[in-house]
Amino acid sequence: GMVYYPYKWTTINGDMTKGPWNCFENTPSDCCSQITLGSPNADVYGNLIECFFYHPLGSDENPKRDDRVIINNSTDGRVWEIPEVA
């Protein structure tokens with residue numbers, strides 16, 4: 001699908017808009033290459049665009065494990081759901 005970078009990208013030449021990129025039917029690696037090759041300019045802090053691959057819990061890339069527990073906390077730090085083995 002479409003990948004969006006929602007933040008302002010500030011370079012020494014001023015603010016730039018990044019994306020969107022059409023990654024439909026691309027692998028995550030191919031999409032990442034498309035994004036990084038199309039974003040060669042570092043920001044004012046020297047950072048380059050990088051890719052982060054999120055794999056949902058239970059997917060082939062991030063399978064369920066017996067040694068991992070998910071605990072959801074409320075904004076005041078209280079546990080508000082039953083912890084779940086993930």
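Reading guide: rules and limits
Residues numbered from 1 in each chain as written. Predicted model: local features only at pLDDT ≥ 70, side-chain atom pairs only at ≥ 80, totals over all residues. Heavy atoms only, no water. Helix = DSSP H or I, 4+ residues; strand = E, 2+ residues; numbered from the N terminus. Rg over C-alpha atoms; globule rule 2.2 N^0.38 Å. Buried < 20%, exposed > 50% of the residue type's maximum accessible area, 1.4 Å probe, protein only. Contact = heavy atoms within 4.5 Å. Areas by Shrake-Rupley, 256 points an atom, 1.4 Å probe, with all protein chains shown as cover. Lys, Arg positive; Asp, Glu negative; His and termini not counted. Charge placed at Lys NZ, Arg CZ, Asp CG, Glu CD. Core = buried A, V, L, I, M, F, W, Y, C linked by side-chain atoms within 4.5 Å.

Caption draft 1: Spatial organisation of the overall build of the protein chain. Of the regular secondary structure elements, the protein chain holds one helix and six strands. In sequence order, the protein chain lays out its α and β elements as β-β-β-β-α-β-β. Taken against the 2.2 N^0.38 rule, which gives 12 Å for 86 residues, the C-alpha radius of gyration of the protein chain at 18 Å runs more than 25% over that of a compact globule. Dimensions of the protein chain along its principal axes, counting C-alpha atoms only, are 50 × 35 × 20 Å. Expressed as a percentage of its 86 residues, the buried residues of the protein chain come to 17%. Relative to all contacts within the protein chain whose residues are 6 or more apart in sequence, the contacts with residues 24 or more apart total 23%. Split by element, the accessible area of the protein chain, about 7000 Å² in all, is 53% carbon and sulfur. One way to put it: in the protein chain the 6 positive side-chain charges average out to a point 6 Å from where the 12 negative ones average out.

Caption draft 2: Here's a closer look at the nonpolar core. Trp9, Trp21, Cys23, Cys31, Ile35 and Ile49 form the largest nonpolar core, which has six residues in total. Sequence-distant contacts of Cys31, that is, excluding residues within four places in its chain, are made with Val3, Cys23 and Asn26.

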